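So the chains spell out like this:
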Amino acid sequence: MTIAAKTKEVVETKFRHEVEQLYGAEGVAEALERAMELWLQETHDEMVARERKLNNDALSHLQPELERQQGRYVVIAHGKLQGIGDSIESIQGLAPDALHRLVFKVGEPPSRRRKLGWRVYRK
Amino acid sequence: MESVQEVRESICWNSEDLFAIGIQIRTFAGMIYPDNEELIQLDTGYDGELLLPSKLYRSLALYQWEYPEEYWPVGKTVSGEIIELILAKGQVLIPRWNVALEVFIETFEGNEELLLGRSFIRKFKVLLDGPGNQVCLIGPSVMGKEDLAS
């Protein structure tokens, strides 16, 4: 695959210089692939958050329809209802390419209050 | 996996420092952590079923089995901090009993704890044997059939 993009000259000059030091004159493609992989890793959480919001927004519009599906399992992905089934196994294969999915049993609201018996140390 | 009604034997884990049992975690996509059973602490100070480190939640891609945000629990720590927990579903395997249980899995950003809480413990008769340095699940279990998943 070929990607053409205009970059800042100063960045490209430094990039080409350092790639040559590490991989030789033919190493640009390898370095760009590594850069793209790193970028994809870095932005993965951002992409999941974006799809999470899309799916939760979609759910609010689907509530009237889901009210009639008490006790059944639902999959929402790509901002759309993907399917409804009587077991988690029956719907687990839906939207396998989605980064984020809502998969839940209608009318099974878990307890919303939690006691966490410790102090929190976040990193 | 066989149903828990077939379980007859009590099982124990040596647990000198922490009260812990040997489990694995499985997603509905079939991802399993860890490869072999690992001792996970029973924590009566946490009233959920299973709390995961946020990094593990991500590496198991549990965001593909997530409950809607309107169902996410809100936790309060002993020091009064309010934390919104992310909620998904998965399974806890007890390999030595050959059973799988469907559980609610929770995490929050930056969490590093991996704990089994009171809602999980309540599915079993549990012996915390301090002098014997072990934790035992007592069979036959009192778990409801609806909690099982194959």
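Residues numbered from 1 in each chain as written. Chains lettered and ligands numbered in written order. Predicted model: local features only at pLDDT ≥ 70, side-chain atom pairs only at ≥ 80, totals over all residues.

Before going further, it helps to examine the overall build of chain B. Counting secondary structure elements, chain B contains two helices and 11 strands. Expressed as a percentage of its 150 residues, the buried residues of chain B come to 39%. Sequence separation of 24 or more characterises 64% of the internal contacts of chain B that already satisfy a separation of 6 or more. (Helix = DSSP H or I, 4+ residues; strand = E, 2+ residues; numbered from the N terminus. Buried ≥ 20, exposed ≤ 12 C-beta atoms within 10 Å, placed from the backbone. Contact = placed C-beta atoms within 7 Å.)

Here we come to the overall build of chain A. A tally of helices and strands in chain A yields three helices and four strands. Counting from the amino terminus, chain A carries its helices and strands in the arrangement α-α-β-β-α-β-β. Relative to its length of 123 residues, chain A is extended, with a C-alpha radius of gyration of 23 Å against a globular reference of 14 Å. Reported as C-alpha extents along the three principal axes, the dimensions of chain A are approximately 65 × 45 × 25 Å. Pairs at least 24 apart in sequence give 42% of the contacts found in chain A among residues at least 6 apart. (Rg over C-alpha atoms; globule rule 2.2 N^0.38 Å.)

Moving on: the interface of chain A and chain B. Counting residues at the interface gives 26 residues for chain A, matched by 28 residues for chain B. Put simply, the parts of the chain that give the side of chain A that touches chain B at least two residues each are α2 (28-66), β3 (101-105) and β4 (113-116) of chain A. For the side of chain A that touches chain B, a count of residues per class yields 12 nonpolar, five polar and nine charged. Here β4(A) runs beside strand β5 (residues 74-77) of chain B; their pairing, made up of four bridges, is parallel. Its bridge partner being in β5(B), A:R113 is matched across the sheet by B:V74. (Nonpolar A, V, L, I, M, F, W, Y, C, P; charged D, E, K, R; others polar. Pairing = 2+ DSSP bridges.)

This part covers the sheet that holds β4(A). Strands sit in the order β4(A)-β5(B)-β6(B) across an open sheet of three strands; the sheet is mixed. Strands with a single pairing partner mark the edges of an open sheet, and in this sheet they are β4 of chain A together with β6 (82-84) of chain B. This sheet shows a mean twist of 30° between the axes of neighbouring strands, independent of strand direction. (Axes fitted to C-alpha atoms, helices over the stretch in contact; angles between N-to-C directions.)

Within the element layout of this structure, A:S60 appears in helix α2. Between the C-alpha atoms of A:S60 and A:A4, which are 56 residues apart in sequence, the distance is 41 Å.

All right, on to the packing of helix α1 (residues 9-23) of chain A against α2(A) then. A pair of packed helices is captured by two measures, namely the crossing angle of their axes and the spacing between those axes. Residues and elements named next belong to chain A. Look at α1 against α2: their axes get within 9 Å of each other, and the N-to-C directions meet at 105°. Relative to α2, α1 is oriented roughly perpendicular. Of the residues in α2, those in contact with R16, V19 and Y23 of α1 are V28, E30 and A31. (Parallel < 35°, antiparallel > 145°, perpendicular 65-115°, else oblique.)

Here we take up the sheet that holds strand β10 (residues 125-129) of chain B. All names here are of chain B. Ordered in space as β1-β11-β10, the three strands form an open sheet in which the pairing is antiparallel. Both outer strands of the open sheet, β1 (11-14) and β10, are each paired with one neighbouring strand and no more. Neighbour to neighbour, the strand axes of the sheet diverge by 15° on average, direction disregarded. Sheet topology note: the β10/strand β11 (residues 134-138) ladder contains five bridges and is antiparallel.

Before going further, it helps to spend a moment on unusual backbone geometry. Look at the link from B:Y33 to B:P34: it is a cis peptide, with omega at -15°. Its identity as a non-glycine residue notwithstanding, A:A95 has a phi of 50°, on the positive side. We classify A:A95 as partly exposed; it has 19 C-beta atoms within 10 Å. One non-glycine residue with positive phi stands out, namely B:N133, at about 50°. Structurally, B:N133 is set in the loop between β10 and β11. Looking at B:N133, the number of C-beta atoms within 10 Å reads 12, which means it is exposed.

Right, let's get into α1(A). All names here are of chain A. For α1, with 15 residues, the first-to-last C-alpha span of 20 Å sits near the 21 Å given by 1.5 Å per residue. Here α1 lies mainly on the outside; zero of its 15 residues are buried. Looking one or two residues past α1, G24 carries a phi angle of roughly 90°, positive in sign. (Expected span 1.5 Å × (residues − 1).)

Once that is clear, we can look at the environment of B:R118. All names here are of chain B. In this fold, R118 is placed in helix α2 (residues 118-121). Along the chain, R118 and S59 lie 59 residues apart, while their C-alpha atoms are 25 Å from each other. If near-sequence neighbours (up to four positions away) are discounted, R118 is found in contact with T44, Y46 and D47.

Here A:Q92 is to be found in the loop between α3 (88-91) and β3. Between the C-alpha atoms of A:Q92 and A:P110, which are 18 residues apart in sequence, the distance is 20 Å.

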